[in-house]
Amino acid sequence: MTCLTKWFDRCTRLALATTVATFGLAVGSASTALAGENNYGKVGDPIHLTVGYQPYYTESWSGVVMQPMKFYEKYLPKGSTVNFSVGLQGAVIVNAMLAGKQDIGYMGDMPAIVSTTKQQVADLRIVATVGLGVDQCNVFLARTDAPKFANQKDAIKWLNGKRVAVPKGSCTDRFAQAVFKQMGVKPASYLNQNIEVITSGFRAGKIDAAVIWEPTASRLVLEGLARRIASGTVLNEHDGGFLVMRNDLMQQRPDVVKAWLNAELDAQLYMADPKNAENIVRMVKGQTTGFTEKVLWTSLYGTYPESEGGTPVRVQLPYIISPDAAALIKKATTFLYSVKSINTPTLRADAVAPQYAEAVLKERGLTSPIGEVKAQPASAFKGN
């Protein structure tokens with residue numbers, strides 16, 4: 001989820017070595033040379049787009065749906081082509097966009113924010129929300145022999161004096177620190193670990209708890225390595241995914257921006273329809289490795305009891321930069337500045353460009369939120 005280092009090559013090596021996707025934040029010194037502007041042609045011309053996306057982060061799965069469904073073919077100029085590139089880490093997508101190698105990116109809140117602060121390299125902007133939730137990144141897991149807790153607050157208090165692991169600088173880190181501060185909890189150790197180390201730590205009994213994102217959280221639970229004990233519902237803490245675009249694309253090709261945002265709207269409407277659950281899981285299974293259909297289904301549709309941070313809505317789909325999305329961006333920016341991941345406590349005024357998605361939504365006669373992904377009973381799962 002994060003790679004808090006100043007060196008791009010180190011961050012990339014870590015991402016490529018990781019077997020599950022994360023959405024890291026480092027944008028390194030190897031990218032400090034100005035990438036220059038891309039030439040996207042004239043309005044109405046066919047265009048070739050490269051889109052970075054993260055199938056290993058459940059909250060950004062509209063990008064996963066987009067690839068096989070090809071909603072964009074309805075809107076892009078005739079003759080256009082789209083190449084999808086899996087990002088094993090948010091930092092990889094950000095760096096590719098900064099280098100002019102990718103034009104559009106699906107990513108978590110933290111790398112999306114970081115991307116907008118590198119305008120000396122390339123101007124990237126947040127244009128839409130691909131998902132908001134309270135238990136997609138914000139998931140507390142505990143070792144399987146932890147006590148049975150009556151409620152989430154009891155579970156959090158149990159972490160006082162325990163060994164807790166998170167990928168530092170990530171949304172899980174932001175969430176964990178916010179919860180510990182508000183509840184006065186002080187772990188004995190607060191470890192900076194990636195997913196692989198957290199997984200082995202649970203297996204070997206070296207950690208008591210961790211905060212992790214979906215679908216990895218569901219995989220650890222269903223494989224019997226950890227128990228879910230709390231989520232963002234404990235303090236109404238949001239997590240999110242966002243759509244980022246290069247500003248030279250936005251300036252040169254407003255027709256393409258509008259086209260992609262129309263396609264993104266179609267993808268989110270598809271995700272909001274519960275009848276599509278089985279198809280969506282199959283799409284994700286075809287674009288990931290190491291995850292069963294049951295794990296993937298559970299990460300997006302699984303139902304958990306309230307005492308474990310269960311919520312009737314797993315992902316909200318505001319589409320635009322809604323007030324909740326804007327508040328999350330502001331809070332996450334403050335956190336990133338506090339841990340020295342970015343050099344500004346507030347984003348520049350044009351870092352977020354909500355007007356494009358708002359115009360599409362108005363033209364389509366829809367209002368935000370455009371839908372939501374509701375939790376379903378276990379009996380609803382029909383896959384393998």
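Predicted model, so just to flag it, every value in this text is computed and none were measured. (Residues numbered from 1 in each chain as written. Predicted model: local features only at pLDDT ≥ 70, side-chain atom pairs only at ≥ 80, totals over all residues. Heavy atoms only, no water.)

Undergrad: Just checking my understanding: could you explain the packing of aromatic side chains for this structure?
TA: We describe a pair of aromatic rings using the distance from one ring centre to the other and the angle between the two ring planes. Under the counting rule described, the total for this entry stands at 12 aromatic pairs. Ring centres 5.7 Å apart and planes at 85 degrees place the aromatic pair Y53 and F84 in the edge-to-face group. Of the two residues, Y53 is situated in strand β1 (residues 48–53) and F84 in strand β2 (residues 81–86); the sequence distance between them amounts to 31 residues. The exposure class assigned to Y53 is buried, which follows from its relative accessible area of 3%. The exposure class of F84 is buried, given its relative accessible area of 13%. For the ring pair Y56 and F291, a centre distance of 5.8 Å and an interplane angle of 55 degrees mean the geometry is tilted. Taken together, the residues span a long stretch of sequence, with Y56 in the loop between β1 and α2 (62–69) and F291 in the loop between α11 (277–285) and α12 (293–301) at a distance of 235 residues. One exposure class covers both Y56 and F291, and it is buried. Sitting over the face of the ring of Y304, R228 holds its NZ or CZ atom 4.0 Å from the ring centroid. (Phe/Tyr/Trp six-rings, centres within 6.5 Å; stacked < 30°, edge-to-face > 60°. Helix = DSSP H or I, 4+ residues; strand = E, 2+ residues; numbered from the N terminus. Buried < 20%, exposed > 50% of the residue type's maximum accessible area, 1.4 Å probe, protein only. Lys NZ or Arg CZ within 6 Å of the ring centre and 35° of its normal.)

Undergrad: For this particular structure, what's the right way to read the sheet that holds strand β9 (residues 227–231)?
TA: In a beta sheet, neighbouring strands pair by backbone hydrogen bonds and run either parallel or antiparallel. Ordered in space as β7-β6-β8-β5-β9, the 5 strands form an open sheet in which the pairing is mixed. Looking along the sheet, the strands with just one partner apiece sit at the ends: β7 (189–192) and β9. Here the strands of the sheet are splayed against their neighbours by 25 degrees on average, with no regard to which way each runs. Where strand β6 (residues 163–166) meets strand β8 (residues 209–212), 2 bridges bridge the pair, whose relative direction is parallel. Note on β8: the bridge partner recorded for A165 is A210. Sitting on the sheet, helix α6 (residues 171–183) touches β5 (139–142), β6, β7, β8 and β9, and the angle it makes with β5 is about 80 degrees. (Pairing = 2+ DSSP bridges. Axes fitted to C-alpha atoms, helices over the stretch in contact; angles between N-to-C directions. Contact = heavy atoms within 4.5 Å.)

Undergrad: What is the right way to look at the pairing of β7 in this model?
TA: Sheet faces and side chains relate simply in a regular strand, where the side chains alternate between the two faces. Two strands pair when backbone bridges link them, and β6 and β7 are joined in this way by 4 bridges, in the parallel orientation. Paired with A165 across the bridge in β7 is L191. Where the polypeptide runs from β6 across α6 and back to β7, its parallel neighbour, the crossover connection is right-handed. (Right-handed = clockwise from strand over helix to strand, strands pointing away.)

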